[in-house]
Amino acid sequence: MDDYPLLNLFWTMLELFLFIIWFFLLFKIITDIFRSHDMGGWGKAGWTIFVVLLPFLGVFVYLIARGSSMGQRDLEQARQADEAFQAYIRKAAASEGTAGAAGAGGGTGGHVQELSKLADLKAAGSISEEEFQQAKAKLLA
């Protein structure tokens, strides 16, 4: 290590970092090529061959030609993933609520509905405050 100056170590680390970044960019572009819906099969094949055979030039030309639409596809994919996640949450909450309301016992959605009914009964004067507190304690136990 005595014959390898600090500046050479810095340049080696920089080259390694740039090489790793370039590989990341190459894989990102290849996935973007196959994810793109506005290109046909021949266009995808052509871009893939161009990026693989002339890697540096292919990556830079792809970024210049299709870089802005690449960001739009990323945003669209993130939006679709978020919508799917929200739909899953709504579905899980609905199934939990119906299980609790059906008497299965575990769902917080059923408890909320029952408490709402109890509050409505109390507000209408059908049950007293004491009966409301007893029913609420029984429900939450």
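Colleague: How would you summarise the overall build of the chain if you had to cite specific residues and measurements?
Modeller: In terms of regular secondary structure, the chain is built from five helices and zero strands. Burial statistics for the chain: of 141 residues in total, 18% are counted as buried. By sequence separation, contacts in the chain at least 24 residues apart represent 38% of the contacts at least 6 residues apart.

Colleague: How would you sum up helix α2 (residues 41-53)? Please name residues and give values.
Modeller: For α2, which comprises 13 residues, the first-to-last C-alpha distance of 18 Å matches the rise-based estimate of 18 Å (1.5 Å per residue) to within 8%. Buried within α2 we find K44, W47, T48 and V51. Axial view of α2: buried residues confined to an arc of 100 degrees, hence all on one face. Opposite its buried face, α2 presents the exposed residues W42 and L53, each directed more than 90 degrees away.

Colleague: Explain the nonpolar core to me, and be specific about the residues and the numbers.
Modeller: One finds W22, L26, I29, I33, M39, W47, V51, V59, Y62 and M70 forming the largest nonpolar core, which totals ten residues. Looking at this core, the elements that each hand over two or more residues are α1 (6-35), α2 and α3 (55-101). Of the residues forming this core, the biggest block, four residues, is contributed by α1. Among all residues touching V59, those that are not within four sequence positions of it are W22, L25, L26, I29, V51 and L54.

Colleague: I'd love a proper account of the packing of aromatic side chains, names of residues and values included.
Modeller: In total, this model carries seven aromatic pairs according to the counting rule given. Joined through ring pairs, the aromatic side chains of F19, W22, F23, F27 and F56 make up one cluster. Here the guanidinium or amino end of K122 rests over the ring plane of F132, the centre of that ring lying 4.7 Å away.

Colleague: Please give an account of α1 that cites residues and values.
Modeller: Between the first and last C-alpha of α1 there are 43 Å, a value that for 30 residues agrees with the 44 Å anticipated at 1.5 Å per step. Of the positions making up α1, those classed as buried are W22, L26, I29, D32 and I33.

Colleague: Any details on the pattern of salt bridges? Residues and values, ideally.
Modeller: On inspection of all chains with the given rule, the structure shows nine salt bridges. Salt-bridge contacts for R35 lead to D32; the nearest nitrogen and oxygen are separated by 3.1 Å. Here R35 pairs with D32, and both are found in helix α1, just three residues apart, close to one helical turn. A salt bridge links R66 to D38; its shortest N-O distance comes to 3.1 Å.

Calculation notes
- Residues numbered from 1 in each chain as written.
- Predicted model: local features only at pLDDT ≥ 70, side-chain atom pairs only at ≥ 80, totals over all residues.
- Heavy atoms only, no water.
- Helix = DSSP H or I, 4+ residues; strand = E, 2+ residues; numbered from the N terminus.
- Buried < 20%, exposed > 50% of the residue type's maximum accessible area, 1.4 Å probe, protein only.
- Contact = heavy atoms within 4.5 Å.
- Expected span 1.5 Å × (residues − 1).
- Arc of directions from axis to C-beta.
- Core = buried A, V, L, I, M, F, W, Y, C linked by side-chain atoms within 4.5 Å.
- Phe/Tyr/Trp six-rings, centres within 6.5 Å; stacked < 30°, edge-to-face > 60°.
- Lys NZ or Arg CZ within 6 Å of the ring centre and 35° of its normal.
- Salt bridge = Lys/Arg side-chain N within 4 Å of Asp/Glu carboxyl O.

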